[in-house]
Amino acid sequence: MNNNILFFLTPKAMCSYLYDDYTMRQALERMESAGFAALPILNKRGEYRGTLTEGDLLWAIKNMCYMDMRQAEAHRIMEISRRKDNVPVRVTTSMHELVERASSQNFVPVVDDKDAFIGIITRRAIIQYCSQRLFEEE
């Protein structure tokens, strides 16, 4: 198996993400256009701040905006209680730890030694690689 986790990396330039100063409405629109149920949150310095899910947004709209989309423009996404942030790994992380993280997260954010977000590794990429290796003789 490949021992370099960068083999699986989807670089930041190819990722969809949110900025931590986005409003709830901006986040909803970005998630809808990207087609993903969860997106990483970055600050303007490019540092990973957390993960926002559709469920987090749904409950925030119900509880903070009373189902009023105009109020969704008045709230920033960092005001939202998030059920669980995807825990990032560094580029030096072992394959064992990466697979461990991916078993409980649909994507794993990757940061450099200055905590700058450099991309994600999807669970799908790891499973596809393992599947190819496992069934290559077929």
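Structure shown above.
I would appreciate a short explanation of the packing of aromatic side chains in the present structure.
Each aromatic ring pair is specified by the distance between its two centres and by the angle formed by the two planes. Tallying each qualifying case throughout the model produces 6 aromatic pairs. Measuring from centroid to centroid gives 5.2 Å for F8 and Y129, while their planes differ by 90 degrees, and the two rings are edge-to-face. Taken together, the residues F8 in the segment before β1 (10-11) and Y129 in helix α5 (residues 123-134) connect sequence positions 121 residues apart. Under the relative-accessibility criterion, Y129 is labelled buried at 6%. Here the aromatic residues Y17, Y19, Y22 and F117 are joined through ring pairs into a cluster of three or more. Note that K44 overlies the ring of Y19, its terminal NZ or CZ placed 4.0 Å from the centroid.

Help me out: how do you make sense of helix α1 (residues 24-34) in this one?
Because an α-helix packs 3.6 residues into every turn, residues spaced three or four apart end up facing the same way. Considered for burial, the residues of α1 that qualify are M24, A27 and M31. Taken around the axis of α1, the buried residues stretch over an arc of 60 degrees, which confines them to a single face. When the buried face of α1 is taken as reference, the exposed residues oriented beyond 90 degrees from it are E32 and S33. Looking at the buried residues of α1, the elements they touch are β2 (18-19), β3 (38-42), β4 (48-53), α2 (54-64) and α3 (69-72).

Can you walk me through the sheet that holds β4 in this structure?
Adjacent strands of a sheet form backbone hydrogen bonds with each other and so pair up, either parallel or antiparallel. Reading across the sheet, the 3 strands line up as β2-β3-β4 and stay open at both edges, with mixed pairing between neighbours. Here the strands that pair on one side only, and so sit at the sheet edges, are β2 and β4. Taken together, the 2 bridges between β2 and β3 define a ladder with parallel strand orientation. Paired with Y19 across the strands is L42, a residue of β3.

Explain the layout of surface pockets to me, please; I cannot follow it from the model alone.
Of the volumes computed, that of the largest pocket is approximately 210 Å³. The wall of the largest pocket is formed by 13 residues, among which F36, A38, F107, I120 and T122 lie closest to the centre. Those elements that place two or more of their residues in the lining of the largest pocket are β3 and β7 (117-122). Counting residues per element, the lining of the largest pocket draws most heavily on β3, at 3 residues. Of the residues in the lining of the largest pocket, the class split is 9 nonpolar, 4 polar and no charged.

For this particular structure, what's the right way to read the pattern of salt bridges?
A side chain of one charge can pair with a side chain of the opposite charge when the charged atoms of the two come close. Under the criterion given, the structure shown has 8 salt bridges. Residue R45 is joined to E47 by a salt bridge in which the shortest nitrogen-to-oxygen separation is 3.0 Å. Assessed through its relative accessible area of 23%, E47 is described here as partly exposed. A salt bridge links D115 to R90; the nearest nitrogen and oxygen atoms lie 2.8 Å apart.

It is not clear to me how the side chain of N43 should be interpreted in this structure. Could you clarify?
For N43, the position within the fold is in the loop between β3 and β4. Using a relative accessible area of 6% as the deciding quantity, one classes N43 as buried. In terms of polar contacts, N43 uses its side chain to reach the backbone amide nitrogen of R45, at 3.0 Å. Setting aside its immediate chain neighbours within four residues, N43 contacts Y19, D20 and R49.

Rules behind the numbers
- Numbering of residues starts from 1 in every chain and runs along the sequence as written.
- Local features in this predicted model are restricted to residues whose pLDDT is 70 or higher, and side-chain atom pairs enter the listing and the counts only when it is 80 or higher, whereas totals over whole chains, interfaces and linings include all residues.
- Calculation of side-chain values draws on the structure's entire complement of heavy atoms; hydrogens and water are dropped beforehand.
- Aromatic rings from Phe, Tyr and Trp, taking only the six-membered ring of Trp, are treated as a pair when their centres fall within 6.5 Å; an angle between ring planes under 30 degrees marks them as stacked, one over 60 as edge-to-face, and anything in between as tilted.
- The helix count covers DSSP runs of H or I at least four residues long, the strand count covers runs of E at least two residues long, and both are numbered beginning at the N terminus.
- Exposure categories follow from relative accessible area, calculated using a 1.4 Å probe and restricted to protein chains: below 20% of the type maximum is buried, above 50% is exposed, and the middle band is partly exposed.
- By definition, being over a ring means that NZ of Lys or CZ of Arg is both within 6 Å of the ring centre and within 35 degrees of the ring normal.
- When we speak of the arc, we mean the arc of directions from the helix axis to the C-beta atoms.
- Throughout, a residue-residue contact means that at least one pair of heavy atoms, one from each residue, lies within 4.5 Å.
- Whether two strands pair depends on DSSP finding at least two bridges between them.
- Both cavities and pockets are sets of points on a 1 Å grid over the protein atoms alone; in a cavity a 1.4 Å probe fits but cannot get out, in a pocket the set is open with protein on both sides within 12 Å along at least five of seven lines, and lining residues sit with an atom within 4 Å of a point.
- Grid points are joined across faces, edges and corners, and a volume is the space filled by probe spheres set on the points.
- Amino acids outside the nonpolar list (Ala, Val, Leu, Ile, Met, Phe, Trp, Tyr, Cys, Pro) and the charged list (Asp, Glu, Lys, Arg) are all regarded as polar, and Gly is one of them.
- Within this document, salt bridges are pairs made up of a side-chain nitrogen of Lys or Arg and a carboxyl oxygen of Asp or Glu, the two lying within 4 Å of each other.
- Two N or O atoms count as a polar contact when they lie within 3.5 Å, although within protein this holds only if one can serve as hydrogen donor and the other as acceptor, and sequence-adjacent residues are included solely when both atoms are side-chain atoms.

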